[in-house]
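Now for the letters of each chain:
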Amino acid sequence: MATQNFSTNKSDEKKPNVVKITLIAVIVAAAVILVFNCFSVVDEGYIGVKYQFGKIVDSSLSAGLNFHIPFIEEIKPVDIREQIYSVQTNAYTSDTQTVDNLSLKLNYCYDPTQLSDIIRSTGIDNVETKLLVPNVAKISKNEIGKVRAEDLVQSRSEIQDSIYEVLKDTLAPNGIVVTAFAIENLDFDDAFEQSIQAKVIAAQDALKMQNKTVEREEEARQKVIAAQAEADSQKIKAEAEAYAIEVVQEQLAKSPNYIDYLKINNWNGELPQAIGNEINPFIVLDEDNSRTAATVRNQNAPSGSAD
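Calculation notes
Residues numbered from 1 in each chain as written. Predicted model: local features only at pLDDT ≥ 70, side-chain atom pairs only at ≥ 80, totals over all residues. Heavy atoms only, no water. Helix = DSSP H or I, 4+ residues; strand = E, 2+ residues; numbered from the N terminus. Buried < 20%, exposed > 50% of the residue type's maximum accessible area, 1.4 Å probe, protein only. Areas by Shrake-Rupley, 256 points an atom, 1.4 Å probe, with all protein chains shown as cover. Pairing = 2+ DSSP bridges. Axes fitted to C-alpha atoms, helices over the stretch in contact; angles between N-to-C directions. Phe/Tyr/Trp six-rings, centres within 6.5 Å; stacked < 30°, edge-to-face > 60°. Lys NZ or Arg CZ within 6 Å of the ring centre and 35° of its normal. Patch = residues over 30% accessible without salt bridge, like charges linked within 9 Å, V, L, I, M, F, W, Y side chains within 5 Å. Salt bridge = Lys/Arg side-chain N within 4 Å of Asp/Glu carboxyl O. Expected span 1.5 Å × (residues − 1). Arc of directions from axis to C-beta. Contact = heavy atoms within 4.5 Å.

A. Main features of the overall build of the protein. Scanning the protein from N- to C-terminus turns up 8 helices and 10 strands. Among the 307 residues that make up the protein, the fraction classed as buried is 22%. Taken as a whole, the protein presents about 22100 Å² of accessible surface, with 55% of it coming from carbon and sulfur.

B. Structural view of the pairing of strand β2 (residues 46-52). By the criterion of burial, β2 is predominantly enclosed, with 5 of the 7 residues buried. Direction of pairing for β2 relative to strand β5 (residues 73-79): antiparallel, over a ladder of 7 bridges. Bridged to Gln-52 within β5 is Glu-73. As defined by bridge partners, β2 adjoins strand β3 (residues 55-61) across 4 bridges and the pair is classed as antiparallel. Bridge pairing in β3 places Gly-48 opposite Leu-61.

C. Representation of the sheet that holds strand β6 (residues 83-92). Spatially, the 3 strands line up as an open sheet ordered β6-β7-β8, and their pairing is antiparallel. In the strand order of this sheet, the two ends are held by β6 and β8 (176-187), each with one partner. If you compare each strand with its neighbour and ignore which way they point, the axes differ by 20° on average. Where β6 lies against strand β7 (residues 98-110), 9 bridges are found, and the strand directions are antiparallel.

D. The packing of aromatic side chains, seen in detail. Evaluated as defined, the whole model comprises 2 aromatic pairs. Centre to centre, the rings of Phe-39 and Phe-67 are 5.6 Å apart; their planes meet at 65°, and the pair counts as edge-to-face. Pair noted here: Phe-39 is in strand β1 (residues 39-42) and Phe-67 is in strand β4 (residues 64-67), with a separation of 28 residues, a long-range link. The exposure class assigned to Phe-39 is partly exposed, which follows from its relative accessible area of 39%. When the ring centre of Tyr-51 is taken as origin, the NZ or CZ atom of Lys-76, which lies over that ring, is 5.2 Å away.

E. Local environment of unusual backbone geometry. Despite not being glycine, Phe-53 has its phi angle at roughly 55°, a positive value. Note that Phe-53 resides in the loop between β2 and β3. For Phe-53, a relative accessible area of 66% gives the class exposed. The backbone phi angle of Asn-101 is positive, close to 50°, even though this residue is not glycine. Structurally, the position occupied by Asn-101 is in strand β7.

F. Summary view of a nonpolar patch on the surface. Taken together, the side chains of Leu-34, Val-35, Phe-39, Val-41, Phe-53, Leu-65, Phe-67, Ile-69, Phe-71 and Ile-72 present a nonpolar region at the surface, about 1100 Å² in accessible area. Those elements that provide at least two residues to the nonpolar patch are α1 (2-36), β1 and β4. With respect to the element layout, Leu-65 can be found in strand β4. For Leu-65, a relative accessible area of 60% puts it in the exposed group.

G. Structural view of the pattern of salt bridges. This structure, assessed with the given rule, holds 9 salt bridges. With its nearest N and O atoms 3.0 Å apart, the salt bridge here joins Arg-81 to Asp-79. Under the relative-accessibility criterion, Arg-81 is labelled partly exposed at 43%. Between Arg-148 and Glu-150 there is a salt bridge, with its nearest N and O atoms 3.7 Å apart. Overall, the relative accessible area of 11% leaves Glu-150 in the buried class. Residues participating in the shared-partner salt-bridge network are Arg-148, Glu-150 and Asp-151.

H. Quick peek at helix α5 (residues 156-171). Look at α5: 22 Å from first C-alpha to last across 16 residues, which is about the 22 Å you get at 1.5 Å a residue. Turning to α5, its buried residues number three or more, namely Ile-159, Gln-160, Ile-163, Leu-167 and Leu-171. Mapping the buried residues of α5 onto a view down its axis gives an arc of 100°, with all of them on the same face. Every exposed residue of α5 that faces more than 90 degrees away from the buried side is listed here: Glu-158 and Asp-169.

I. Main features of helix α3 (residues 127-144). Here α3 is 18 residues long and its end C-alpha atoms lie 25 Å apart, about the 26 Å a rise of 1.5 Å per residue gives. Among the residues of α3, Val-127, Leu-131, Leu-132, Asn-135, Val-136, Ala-137, Ile-139, Ser-140, Glu-143 and Ile-144 are the ones counted as buried. Buried residues in α3 make contact with β6, β7, α2 (115-121), α4 (149-154), α5 and β8.

And the structure:
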């Protein structure tokens, strides 16, 4: 009986040790879980918003690891990258032309400095339905309704810029930053589109004819300039010739031998091909035979002529 009592006491001593070990393990596990729950990761392109019992206490947590008190504080990421909102609607121009399949695209992002106001007043998930849906289509229709259909076709970029400016000013107080706006597509009645096309073609043809007229006028002007230049040249040439004749006449009046002087100055140094005054003059064939011809003529001349 004594041995049996000793064994029971030893088993009772081991129970507190097991409980202690289990308790320590639970505490360590809870501490690890608690430590891990103290940090939240915010991805790039997002901003962290810290809530304390549901109240925003910080709306500017940057990307990375951020600390918060477990079970008391919570961090929610908000996408601050550029968002795209698209809508398709109809509109009317100032001349009552219907614009069908009007496709609009708005690029926007949240203003980080007003992020907490957006969450409180609108809610991130409600931005599109509360701010974009009622404003984008309405403002676009109002601006398109101020212009004629033909101007909308020919000056779409200017209308886009006008709508962009109005949307930017309207949504900025609500924390929405408009980065771009585009009218991606618009359709008119087929008859109207054909009339616009015909008008554009007619304008292009008129421009071509105008360019041809200008070209022909320039050609005619150049011909007139060339003819005038030629006339001026002929006039100058005639005046020069008249002056030369006048000078020659004056010189002849002063000296009858002036003609001989001009002959000498204008002689090219070549002898005439026919020599003598007889009925059968001697013909010089070339320069190499000129001396021989002169010698023969001297030999045939009368002896008395040598004097």
